[in-house]
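Fold and geometry: a report
Read off the chains here:
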Protein chains: 2
Amino acid sequence: MINEIRNHRSVRSYTGEPVSEEVLDEILTAATRASTTGNMQLYSIVVTQDAEMREKLAPCHFNQPCVVQAPVLLTFCADIRRFSLWCRQRGAEPVYDNFAWFVNAATDALLASQNAALEAEAHGLGICYLGTAIYTARQICEILSLPEGVVPVTAMVVGHPATETPLTDRLPVDGVVHREIYRDYTPEDIDRIWHKRERSEETAGLLEANGLPNLARIFTERRYRGEDNLAISRSYMECLREQGFFNQ
Amino acid sequence: MINEIRNHRSVRSYTGEPVSEEVLDEILTAATRASTTGNMQLYSIVVTQDAEMREKLAPCHFNQPCVVQAPVLLTFCADIRRFSLWCRQRGAEPVYDNFAWFVNAATDALLASQNAALEAEAHGLGICYLGTAIYTARQICEILSLPEGVVPVTAMVVGHPATETPLTDRLPVDGVVHREIYRDYTPEDIDRIWHKRERSEETAGLLEANGLPNLARIFTERRYRGEDNLAISRSYMECLREQGFFNQ
């Protein structure tokens, strides 16, 4: 297996050591080699290196220390703007300000981001995705001056790991793969798929720390609660509307 | 740069030679090593190898010959179902049937897909993403028996390339990267960014074949037309609703 894929982990603690411009350029170039919708490259990558800008963005990412610690923050944006500007400048009428093209542009941005992640790791760097980019998309738009047609989809810190991070467990591969058709999960399947994780020491520690009887309730009552999920849904949808992805 | 990233191309012509189960397993395992939202793995991968099933799916991908030629078709789905079933089975109340969690689950599916693409290429295979997965999502749901909480986000053929495919050009890296804030594009920027592509022999050939004066109009009038884009927007949104991603 490709080394970087096998050894990928989310690194949450960084030294302040900068990432060289040469390496950053390799990472960004790697991002651009990913497939994109019709080779339209419907994304932009905003690179944040300025310490003040990282401080400003930190609250958008719930003040996770890595946002300030790591020397580079990459914000991957769905971008129908650049392509639409080009079309208009050529007398062509772009109709990309709609939901399907948000999905296409988000897809382009996300495939590019995964290339960037792996390329960073190939240079001995660590990365951590910040899913918070969609929670606080409107604030990020403001801070990064994202104009109409551009919206954050994900973000990632990049830097030199301060500590060793162990690999995270995953569900068994056959728990997420279906052959020919989707075979719905029986209660026994569900028990089997989560068995190892539920019985792990890590889970035991989490249950004790949270005073809850099982891992699922840590997810629904602590990490990703219904009211928060619905608030994020509304605010991200609203941000997409404001940024011009629902004009039609 | 990671070899597979540097040499990635979309392969559209395949020999019928099968992909071994060992290699397929490596590809699928690589997919599961990607980061996911809270390590929730909100995706499923449906593997289509059966020739009859590939024939059935071909119209969903506009009968591109590669869908029938290539021995493996992977459909990457956003999946909040498995996680929600697990929660309910543990007495936890999942509230993931909403737009934010479609975005999270789609993100998980897409990062996994890019790992799969690169890992396939590491084994000498070719791949081609099929963006058509969102155009015909409802039909794909039917053919693959995708239940509530599961929706296709992208698809990919995998197989042994029948021919050499040249690398595709990309916009200059500085045309898609912004430092600190988004610097909006001036008309001069737009001209500069597309200059090489517009002057290429490939473009000259396309203009002649299409009888149109510039590449932008090939995109807006032939490849991705307004009325089609809006129809896809509506049908994918409707499919998300039917599959239970807009319950709240």
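Above this text sits the structure in question.
A brief structural summary. Small disclaimer: the values here were computed from a predicted structure and weren't measured.

Some remarks on the overall build of chain A
For chain A, the helix and strand inventory stands at 11 helices and five strands. For 248 residues, the compact-globule estimate of 2.2 N^0.38 gives 18 Å, and the C-alpha radius of gyration of chain A, at 20 Å, lies within 12% of that figure. Overall, chain A is about 60 × 45 × 35 Å in size when its C-alpha atoms are taken along their principal axes. Looking at the 248 residues of chain A, the share that counts as buried comes to 61%. Counting only contacts in chain A whose residues sit at least 6 apart along the sequence, the fraction spanning at least 24 positions is 77%. Total accessible area on chain A is roughly 9,600 Å²; 49% of this is exposed by carbon and sulfur atoms. For chain A, the distance from the average position of its 24 positive side-chain charges to the average position of its 34 negative side-chain charges is 3 Å.

Let's talk about the interface of chain A and chain B
Contacts between the two partners involve 110 residues from chain A, matched on the other side by 110 residues from chain B. Taken together, the two surfaces of chain A and chain B that pack against each other cover about 9,900 Å², and 60% of this comes from carbon and sulfur. Taken as a group, A:Arg33, A:Glu180 and A:Tyr182 account for 9% of the area that chain A buries against chain B, more than any other trio of residues on that side. At the boundary of chain A and chain B, one finds eight salt bridges. Here A:Arg90 ties to B:Glu198 by a salt bridge, and the two come within 2.6 Å at their closest N and O atoms. Counting every contact that joins chain A to chain B gives 77 residue pairs in polar contact (both at pLDDT 80 or more). The dominant element in the side of chain A that touches chain B, judged by the number of residues it contributes, is helix H6 (residues 99–122) of chain A, at 15 residues. For the side of chain A that touches chain B, a count of residues per class yields 59 nonpolar, 30 polar and 21 charged. In this structure, strand E5 (residues 177–179) of chain A lies alongside strand E1 (residues 43–48) of chain B, joined through three bridges in parallel fashion. Within the sheet, the bridge partner assigned to A:Arg179 lies in E1(B) and is B:Val47.

Quick notes on the pattern of salt bridges
Following the criterion strictly, the structure yields 20 salt bridges over all chains and no others. The partner of B:Arg90 in a salt bridge is A:Asp191, with the nearest N and O atoms 2.8 Å apart. Note that B:Arg90 is positioned in the loop between helix H5 (81–89) and helix H6 (99–122) and A:Asp191 in helix H8 (residues 187–198), a pairing that runs across two chains. A residue is classified by how much of its surface remains accessible, and B:Arg90, at 18% relative accessible area, is buried. A salt bridge links A:Glu221 to A:Arg217, with the nearest nitrogen and oxygen atoms 2.6 Å apart. With A:Glu221 and A:Arg217 both in helix H10 (residues 215–223) and four residues apart, the pair spans about one turn of that helix. Using a relative accessible area of 32% as the deciding quantity, one classes A:Glu221 as partly exposed. A single salt-bridge network, built from bridges that share partners, covers A:Arg90, B:Asp191 and B:Glu198.

What about the relation of the copies chain A and chain B?
Mapping chain A onto chain B calls for a screw motion: a turn of 180° about the axis and a shift of 0.0 Å along it, with 0.0 Å RMSD after fitting. Here the symmetry operator amounts to a two-fold rotation axis. Of all interface residues in chain A, 100% are interface residues in chain B too; the two copies therefore contact each other through one and the same surface.

Some remarks on the sheet that holds E1(B)
Taken in spatial order, the five strands make up an open sheet running E5(A)-E1(B)-E2(B)-E4(B)-E3(B), and their pairing is mixed. Every other strand in the sheet has two partners, leaving E5 of chain A together with strand E3 (126–130) of chain B as the edge strands with one partner each. With direction set aside, neighbouring strand axes in the sheet form an average angle of 25°. Looking at chain direction, strand E2 (residues 72–79) of chain B and strand E4 (residues 150–159) of chain B are connected through eight bridges and run antiparallel. From the neighbouring strand, B:Val72 faces E4(B), where its bridge partner is B:Val158.

A few points about unusual backbone geometry
Residues and elements named next belong to chain A. For Asn 63, which is not glycine, the phi dihedral falls at a positive 55°. If you trace the backbone, Asn 63 turns up in the loop between helix H3 (51–57) and helix H4 (65–69). Using a relative accessible area of 52% as the deciding quantity, one classes Asn 63 as exposed. A positive phi angle is found at Ser 145, which is not glycine, with a value near 55°. Within the fold, Ser 145 resides in the loop between helix H7 (137–143) and strand E4 (150–159).

Thresholds applied
- Residues numbered from 1 in each chain as written.
- Chains lettered and ligands numbered in written order.
- Predicted model: local features only at pLDDT ≥ 70, side-chain atom pairs only at ≥ 80, totals over all residues.
- Heavy atoms only, no water.
- Helix = DSSP H or I, 4+ residues; strand = E, 2+ residues; numbered from the N terminus.
- Rg over C-alpha atoms; globule rule 2.2 N^0.38 Å.
- Buried < 20%, exposed > 50% of the residue type's maximum accessible area, 1.4 Å probe, protein only.
- Contact = heavy atoms within 4.5 Å.
- Areas by Shrake-Rupley, 256 points an atom, 1.4 Å probe, with all protein chains shown as cover.
- Lys, Arg positive; Asp, Glu negative; His and termini not counted.
- Charge placed at Lys NZ, Arg CZ, Asp CG, Glu CD.
- Buried area = accessible area lost by both parts, 1.4 Å probe.
- Salt bridge = Lys/Arg side-chain N within 4 Å of Asp/Glu carboxyl O.
- Polar contact = N/O pair within 3.5 Å; in protein donor to acceptor, adjacent residues only side chain to side chain.
- Nonpolar A, V, L, I, M, F, W, Y, C, P; charged D, E, K, R; others polar.
- Pairing = 2+ DSSP bridges.
- Least-squares fit on C-alpha atoms with pLDDT ≥ 70 in both.
- Axes fitted to C-alpha atoms, helices over the stretch in contact; angles between N-to-C directions.

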